[in-house]
Amino acid sequence: MTDKHRSFDFGELVTTIREVDKHLAAQAGRAVNVILSLRNWLIGYYIREYEQRGADRAQYGERLLVMLSERLSESGMEGMSPRSLRLYRQFYLTYPRIWQTVSAESFPSILPEAIWQSLSTKSRTETSTRIARTSFPKSHTPDRCLANSLSFSHFAELITIDDPSKRTFYEIECLQSNWSVRELKRQIVSLYYERSGLSRNKKKLAEIVRSGAQRAESRLEVRDPYVFEFLGIKSREVMGESDLEDALLDKLQDFLLELGHGFCFEARQKRILIGDTYGFVDLVFYHRILKCHVLVELKVDEFRQEYLGQINTYVSWYQKNMMSEGDHSPVGILLCTRKDHVLVEYALASLDNKLFVSRYQLELPDKARLQAFLEDQLREVN
């Protein structure tokens, strides 16, 4: 910190402010990640405790997580799907003493006293043979332990690894190399652990991997789905790709609703889970005349084949998971704009009903009208 009695120039002022911002942003990110991990661990802990000792657990049985999810969601809690609750329970089972890796000074101030006392009592009564401690390399200080250094998204990847030795290997690599979640996924998929075991020169392999590894940012990664659920941030607020795209989506949403051809707005930046990967659909409508969902993806870019693959994936997911009785297959509209042209592709998926396709061509805006609209808006916002 600059001495208040010493004069300093403008360059030092800029440098000092940047250092303060960088340091405190890193602290904020670390605090949110620690508390999020502890929250999810505690949810898993209490679910497991209830499964073992709940007074009325027998009446819920295998539907416990489904019914718990419904009740918590009704109360306004985000991120409480049965899948998430199952993940939190597995987090606790995989890292039963993760709470003890947070510094003793900070943990009591984070938790209500009753919870802190119950955990401390439980810890004293359990033997080391029942629950093994999480192991860390001796070179790491307490401040570099797992709970203080990794986000919950890291843990979500690590708990998918059944082999404890393999999981510990990736834990150590994450700590030593400050891997991002994407880098951790990439190394697991590329079988780094297995390659390291077979390598004759493990040190050289580690140097190669670390030199090309993507490191985690020190700032809070708000786009992390677990983080923005926890903080109560709407997906629309964090997923926009650019100011231009956001402005166009605002106009496009109004434009489609004003057409008056049966569009009913459902969602903006609709988050869907496909396997273990989150996707975000820019705009979702239900068309009451066509009786189908209409998904709109906007790319402020020239057309690329992967964009068509993306919208088709969303359409297929909606067809499998969101159709009700009497619905027709969903329709995807992909809008790409760049270099003075607008390319519009309708992804028809499996629409083979000729009568419906004919109605579809009448009820949805034609390509020329969409093109004219986007060209007008581009001139307006640029």
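The residue count restarts for each chain, going from 1 along the sequence in the order it is written. Local features are withheld for residues below a pLDDT of 70 in this predicted model, meaning they are given only at 70 or higher, and side-chain atom pairs are given and counted only at 80 or more; totals for whole chains, interfaces and linings count all residues. Hydrogens and water molecules were not included; the side-chain quantities draw on all heavy atoms of the structure.

Chemist: Mind showing me how you'd approach the overall build of the protein chain here?
Modeler: Working definition: helices are DSSP H or I runs of at least four residues, strands are E runs of at least two. Numbering for both runs from the N terminus. Helices and strands together make up the secondary structure of the protein chain, namely 17 helices and five strands. When burial is assessed residue by residue, the protein chain has 43% of its 382 residues classed as buried. In short, Shrake-Rupley with a 1.4 Å probe defines the accessible areas, and a residue's cover is counted only from the protein chains shown. As displayed, the protein chain has an accessible area near 21,800 Å², and 51% of this comes from carbon and sulfur atoms. When accessible area is computed with a 1.4 Å probe and restricted to protein chains, residues below 20% of their type maximum are described as buried, those above 50% as exposed, and intermediate ones as partly exposed.

Chemist: What am I meant to see in a nonpolar patch on the surface here?
Modeler: On the surface, a cluster of nonpolar side chains totalling about 470 Å² of accessible area is made up of Phe-8, Phe-10, Leu-13, Val-14 and Ile-17. Residue position: Phe-8 is located in the segment before helix 1 (10-53). Classification of Phe-8 as partly exposed rests on a relative accessible area of 38%. Patch membership requires over 30% relative accessible area and the absence of a salt bridge. Like charges are linked within 9 Å, and nonpolar side chains (Val, Leu, Ile, Met, Phe, Trp, Tyr) within 5 Å. One side-chain nitrogen of Lys or Arg within 4 Å of one carboxyl oxygen of Asp or Glu is enough to make a salt bridge.

Chemist: Explain the environment of Leu-295 to me, please; I cannot follow it from the model alone.
Modeler: Summarising the element assignment, Leu-295 is placed in strand 3 (residues 292-299). Between the alpha carbons of Leu-295 and Phe-285 there is a distance of 6.5 Å; along the sequence they are ten residues apart.

Chemist: What is the right way to read the nonpolar core from this model?
Modeler: Nonpolar side chains in soluble globular proteins generally cluster together in the buried interior. Ranked by internal contacts, the top residues of the largest apolar core, which has 32 residues, are Phe-91, Tyr-95, Ile-98, Phe-155, Leu-158 and Tyr-170. Counting residues per element, the ones that place at least two in this core are helix 1, helix 3 (82-94), helix 6 (146-149), helix 7 (152-158), helix 8 (164-177) and helix 9 (181-189). Per element, the largest residue contribution to this core is six residues, and it comes from helix 1. Other than its neighbours up to four places away in sequence, Phe-155 contacts Ser-37, Phe-91, Tyr-95, Ile-98, Leu-146, Ala-147 and Leu-150. Residues enter a nonpolar core if they are buried and are Ala, Val, Leu, Ile, Met, Phe, Trp, Tyr or Cys, with the set joined through side-chain atoms within 4.5 Å. Note on contacts: a residue pair qualifies if any of its non-hydrogen atoms lie within 4.5 Å across the two residues.

Chemist: It is not clear to me how unusual backbone geometry should be interpreted in this structure. Could you clarify?
Modeler: Across residues other than glycine, the phi torsion is negative in most instances, and most of the peptide bonds are trans. Even without being a glycine, Leu-191 presents a positive backbone phi close to 60°. Among the secondary structure elements, Leu-191 is positioned in the loop between helix 9 and helix 10 (192-198). Even without being a glycine, Gln-269 presents a positive backbone phi close to 50°. The residue Gln-269 is located in strand 1 (residues 263-274) in this model.

Chemist: Would you mind going over the pairing of strand 2 (residues 277-287) with me for this structure?
Modeler: Taken residue by residue, a regular strand's side chains alternate between the two faces of the sheet. Burial analysis of strand 2 places nine of its eleven residues in the buried class, which makes it a mostly covered element. When DSSP locates at least two bridges between a pair of strands, those strands are taken to pair. Pairing geometry for strand 1 and strand 2, over ten bridges, is antiparallel. Across the sheet, residue Arg-268 finds its bridge partner in strand 2, namely Leu-283. Between strand 1 and strand 2, which pair antiparallel one after the other, the connecting turn spans two residues, and Gly-275 there sits at a positive phi close to 65°. Inspection of the sheet shows strand 2 paired to strand 3 by five bridges, in the antiparallel sense. Along strand 3, the bridge assignment pairs Val-284 with Leu-295. Counted between consecutive antiparallel strands, the loop separating strand 2 from strand 3 contains four residues, among which Lys-291 sits at a positive phi close to 55°.

Chemist: Please clarify how the confidence of the model for the protein chain should be interpreted in this entry.
Modeler: Do not read the predicted coordinates in detail wherever pLDDT is low. Of the residues in the protein chain, 68% have a pLDDT of 70 or more, and the chain-wide mean is 75. Taken element by element, the predicted model of the protein chain shows its lowest mean pLDDT in helix 13 (residues 235-239) (53) and its highest in helix 3 (92). pLDDT runs from 0 to 100 and stands for how confident the predictor is about each residue. Confidence over residues 127-144 falls short of pLDDT 50; this stretch has 25 contacts with residues more than four positions distant or in other chains.

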